[in-house]
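An overview of the molecular structure
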Amino acid sequence: MEYFLGFMHSFSSAPSSVVLFVFMLLAGSSPIMVEGRIKLPENVTVPAVIVFGDSIVDQGNNNHIITTARCDFPPYGKDFYGGIPTGRFCNGKTPSDLVASELGIKETIPAYLDPNIQNKDLTTGVSFASGGTGYDPQTAELVSVFSLSDQLKMFKEYTEKLKGIVGEEGKNFILANALFLVVAGTDDLANTYFTLGARRLRYNLESYTDFMVENASKFAQELYKVGARRIAVFGAPPIGCLPSQRTIRGGLNRECVEKYNQAAQLFNKKLSSKIDSLGKSLLESLVVYVDIYNPLLEIIHNPSNYGFEIVDRGCCGTGNIEVTFLCNKYTPTCPDISKFLFWDSYHPTEKGYHILVIQIMEKYVNMFL
């Protein structure tokens, strides 16, 4: 209710308030708001969360294409509503869902390609993310998923749908006040560069991370051109500590792969600088780099502080290598998922995501106000 009143307060002080009130009616005569933990100032509203990127925030878009990078089958989704595998690469909710919930917008963010999507879903935010993609176009090509360019095309299509629902002014209001999340880079480094080595013939690590950052900057600028003003660009996690990377390159003891972590840090340092510069150059924008590397590494180093016992393998199967089709209905899962930071060998559990999202929101939310 507090979110709704803040929402309407913003409309009353905005131009063409009648148009914006009609937007609320068209979004659904009884908008479904949830009680968010984040309390926004009365004159601030975040009407939607709009998401781009990879499997961390893919809500099921990959269900609709032929690719090995999908998970619309058990045991994925075992702790989601009704235990339904929706295509989220998790046992439950993803960061997309949790951010929207923390802001009091809605409990879950749907995939843009969800055939059951409704107008009220479009006006409060969707995800265009596609598991397996990255800033390098070749990353998406290797596993036949939607590239960031593809996601941008879908987003432009979405804005036309939005205009049809709420009109030009309503569309512009939503885009200018929505929170945009961009989560990518892990698959570029872990898969395209290191594991498959597809880019090492052309780039060394220094030049490859430059290439990634340049593409990240271009993507954020494209979002800005279409109307986005609040853009959160996430850095890479400590990829060398992901269970699958420990298995592949961590030796017999499956230690964190420092070479991979150093690569993530190099990328993050460059990305942070580029995004900070971009935020200063784009008028009336709030473009912010979000550090995920250090919060996740802190949990890995001190798991008991966060209620975890196992951080070097996932809950699905052995937890060492199982992900996507290797984690399936025939694969046993751990008896107590609350002890595990990772769901499969690549993606955190809902509990892990929730801890990270709370930390991120507390640190960064005021930068978008």
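Above this note sits the structure.
Every residue gets a number counted from 1 within its own chain, in the order that chain's sequence is written. Predicted model: local features are reported for residues with pLDDT of at least 70 only, side-chain atom pairs are reported and counted for 80 or more only, and whole-chain, interface and lining totals are derived from all residues. Computation of side-chain values covers all heavy atoms of the structure but excludes hydrogens and water.

1. Notes on helix α8 (residues 205-226)
Count 3.6 residues to each turn of an α-helix, and residues three or four apart come out pointing the same way. Note the following rule: The numbering of helices and of strands both runs from the N terminus, where a helix is a DSSP run of H or I of at least 4 residues and a strand a run of E of at least 2. A helix is expected to span 1.5 Å multiplied by its residue count minus one. For the exposure calls, accessible area comes from a 1.4 Å probe over protein chains only, and a residue counts as buried if that area is under 20% of its type's maximum, exposed if over 50%, partly exposed in between. Think of a polar contact as two N or O atoms within 3.5 Å of one another; within protein, one of them needs to be a possible hydrogen donor and the other a possible acceptor, and neighboring residues in sequence only count if both atoms come from side chains.
Between its terminal C-alpha atoms α8 stretches 32 Å, which fits the 32 Å expected from 22 residues at 1.5 Å a residue. Among the residues making up α8, those that are buried are Y208, T209, M212, V213, N215, A216, S217, F219, A220, L223 and Y224. Where α8 starts, the residue carrying a side-chain oxygen 3.2 Å from the main-chain nitrogen of E206 turns out to be N204. Once α8 ends, the next one or two residues include G227, with phi positive near 130°.

2. What about the packing of aromatic side chains?
As a reminder, the rule being used: Each Phe, Tyr or Trp ring (for Trp, its six-membered ring) is paired with any other whose centre lies within 6.5 Å, and the angle between the two planes then decides the class: stacked below 30 degrees, edge-to-face above 60, tilted in between. Any Lys NZ or Arg CZ found within 6 Å of a ring centre and within 35 degrees of that ring's normal is scored as a charge over the ring.
In total, this model carries 21 aromatic pairs according to the counting rule given. Pairing Y76 with W343 gives two aromatic rings, centres 5.9 Å apart and planes at 75°, and the pair type is edge-to-face. Taken as a pair, Y76 in the loop between β1 (49-53) and α3 (95-102) and W343 in the loop between β6 (340-342) and α12 (350-364) lie far apart in primary sequence, 267 residues in all. Taken as a pair, Y76 and W343 share a single burial class, namely buried. Between the aromatic rings of Y193 and F194, the centroid separation amounts to 5.2 Å while the plane-to-plane angle is 90°, which identifies the pairing as edge-to-face. Residue class for Y193 comes out buried when judged on its relative accessible area of 6%. An aromatic cluster is built from F52, Y112, F128, F155, Y158, F180 and F219, whose rings are joined through pairwise contacts. Seen from the ring of Y224, R229 lies directly overhead, with NZ or CZ sitting 3.8 Å from the centre.

3. Focus: the packing of α8 against helix α10 (residues 258-281)
Worth spelling out the cut-off: Orientation is described by axes fitted as lines to C-alpha atoms, over the contacting stretch for helices, and by angles from 0 to 180 degrees between their N-to-C directions. Should the near helix be turned counterclockwise from the far one by less than a right angle, the crossing is left-handed, whereas a clockwise turn marks it as right-handed. Any two residues whose heavy atoms approach within 4.5 Å are treated as being in contact. Here the nonpolar group is Ala, Val, Leu, Ile, Met, Phe, Trp, Tyr, Cys and Pro; Asp, Glu, Lys and Arg are the charged ones; every other residue, Gly included, is treated as polar.
Running from N to C, α8 and α10 point in directions that differ by 35°, and their axes come no closer than 9 Å. Viewed along their axes, α8 and α10 form a crossing whose handedness is right-handed. On the side of α8, the interface is formed by L205, E206, T209, D210, M212, V213, E214, A216, S217, A220 and Q221, while α10 contributes A263, L266, F267, K270, L271, K274 and L278. Residues that form the contact of α8 with α10 fall into these classes: 10 nonpolar, three polar and five charged.

4. Points about α3
Of all eight residues in α3, eight are buried, a share of seventy percent or more. Along α3, the residues classified as buried are P95, S96, D97, L98, V99, A100, S101 and E102. On its buried face, α3 sits against β1, β2 (179-183) and α12. Looking one or two residues beyond α3, the residue adopting positive phi is G104, at roughly 80°.

Read these as spatial facts, not as claims about activity.
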